[in-house]
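Residue-level structure breakdown
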Amino acid sequence: AQSVTQPDIHITVSEGASLELRCNYSYGATPYLFWYVQSPGQGLQLLLKYFSGDTLVQGIKGFEAEFKRSQSSFNLRKPSVHWSDAAEYFCAVDEPGNTGKLIFGQGTTLQVKP
Amino acid sequence: EAQVTQNPRYLITVTGKKLTVTCSQNMNHEYMSWYRQDPGLGLRQIYYSMNVEVTDKGDVPEGYKVSRKEKRNFPLILESPSPNQTSLYFCATRETIPREQFFGPGTRLTVL
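None of the values given here were measured: they were computed from a predicted structure. (Residues numbered from 1 in each chain as written. Chains lettered and ligands numbered in written order. Predicted model: local features only at pLDDT ≥ 70, side-chain atom pairs only at ≥ 80, totals over all residues. Heavy atoms only, no water.)

Considerations on the overall build of chain A
Per the secondary structure count, chain A includes 0 helices and 12 strands. What you see in chain A, going N to C, is helices and strands ordered as β-β-β-β-β-β-β-β-β-β-β-β. On C-alpha atoms alone, chain A measures out to a radius of gyration of 14 Å, which is about the 13 Å that the 2.2 N^0.38 rule sets for 114 residues. Its C-alpha atoms put chain A at 45 × 30 × 20 Å along the principal axes. Looking at chain A as a whole, 46% of its 114 residues are labelled buried. (Helix = DSSP H or I, 4+ residues; strand = E, 2+ residues; numbered from the N terminus. Rg over C-alpha atoms; globule rule 2.2 N^0.38 Å. Buried < 20%, exposed > 50% of the residue type's maximum accessible area, 1.4 Å probe, protein only.)

Structural data, given as C-alpha cells:
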C-alpha cells in the first residue's frame, strides 16, 4: 500500500530564514504529488502539485518543491519565511485507480518566530 | 466561481441523533469524496463516488453513509453519531484528468 511520511511533526524557524519541509512517499511508478497548507481554523489550500516534467515545481506564496525519484521525496521549500506562513502543511500522493483518493502524510506544523 | 460548499460549517450534537452534512460542487466533476481529519493522522478518506449512483467505501467508512443522486451533491449521513466521530470533515471533488482535488471549507462536528 502506498504511504506518505512527513518525518517532522513540528518545525520552528525564524522569520526571514529558509524553510524545508520533508516528504517521502512509497509508490512504484511516478506519482502525482501535492502540498497543501491549512491555516488555523481554515480549510485546505493547494500550494503546488507535480504530475510530470520538470522536477522543480513552483507554487503559490513563494513555495517550491522538488521531486526526487531516487529518494522518493517531494520536499517543500521557501527561501524566506514570513510570519503568515505559520500553519500546518500536508504532503499527499494521488492513489492510482478509481478511488479518487489522496493519501496524506500526518502533517507538519510550522511555527515562525519573530 | 468554482467552489465546493459544505453545510453546516459547525455542528454540536448528541450521541444517536441522526445528522446530514451536505456537500455541493459547481465544477461538474465526476469524483467526489469525504475525508475526516484527526490530529496526528492527517486526512483519511471515508467514502468516494465516481459518478451518480456509484459510491464505495474508503478507508474509514464505519458509521457513515453517503448517496449520490445528483452529480453536484454528495451528502454525508451519520445515522447514529458517536463521540469517536467528533472530527473535522472535508468534502472534495476531482476531475478525471487532471487528478487535482478541490476541497470544501470543512465541517467541524462535535458529538457529545
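Concerning the nonpolar core
Judged by nonpolar contacts, the single largest core of 27 residues is most densely connected at Leu19, Trp35, Leu47, Leu48, Phe74, Leu76 and Tyr89 of chain A. Of all the secondary structure elements, the ones that give two or more residues to this core are β2 (10-14), β3 (19-21), β5 (33-38), β6 (45-50), β8 (64-68), β9 (73-78), β10 (87-94) and β12 (108-113) of chain A. Among the elements that take part in this core, β10 of chain A stands out by supplying 4 residues, more than any other. Apart from the residues within four sequence positions on either side, Leu76 of chain A is in contact with Leu19, Glu20, Leu21, Trp35, Leu47, Leu48, Phe63, Glu64, Ala65 and Tyr89 of chain A. The next biggest cluster of nonpolar side chains, apart from the first, holds 19 residues, and it includes Val21, Cys23, Leu76 and Tyr89 of chain B. (Core = buried A, V, L, I, M, F, W, Y, C linked by side-chain atoms within 4.5 Å. Contact = heavy atoms within 4.5 Å.)

Brief notes about the confidence of the model for chain A
For residues with low pLDDT, the predicted coordinates do not support detailed interpretation. Residue-level pLDDT values for chain A average 92, and 99% of them are 70 or greater. Per-element averaging of pLDDT across chain A places strand β11 (residues 102-104) of chain A at the bottom with 91 and β3 of chain A at the top with 98. (pLDDT = per-residue confidence, 0-100.)

A short note on the pairing of β5 of chain A
All names here are of chain A. Taking burial as the measure, the 6 residues of β5 include 6 buried ones, the bulk of the element. Because side chains alternate across β5, one face comprises the buried residues Leu33, Trp35 and Val37, and the other comprises Phe34, Tyr36 and Gln38, equally buried. Looking at chain direction, β5 and β6 are connected through 5 bridges and run antiparallel. Within β6, the residue paired with Leu33 across the bridge is Tyr50. Here β5 folds back onto β6 in antiparallel fashion, the turn holding 6 residues, of which Gly41 has a positive phi close to 75 degrees. As defined by bridge partners, β5 adjoins β10 across 6 bridges and the pair is classed as antiparallel. The partner of Tyr36 across the bridge, within β10, is Phe90. (Pairing = 2+ DSSP bridges.)

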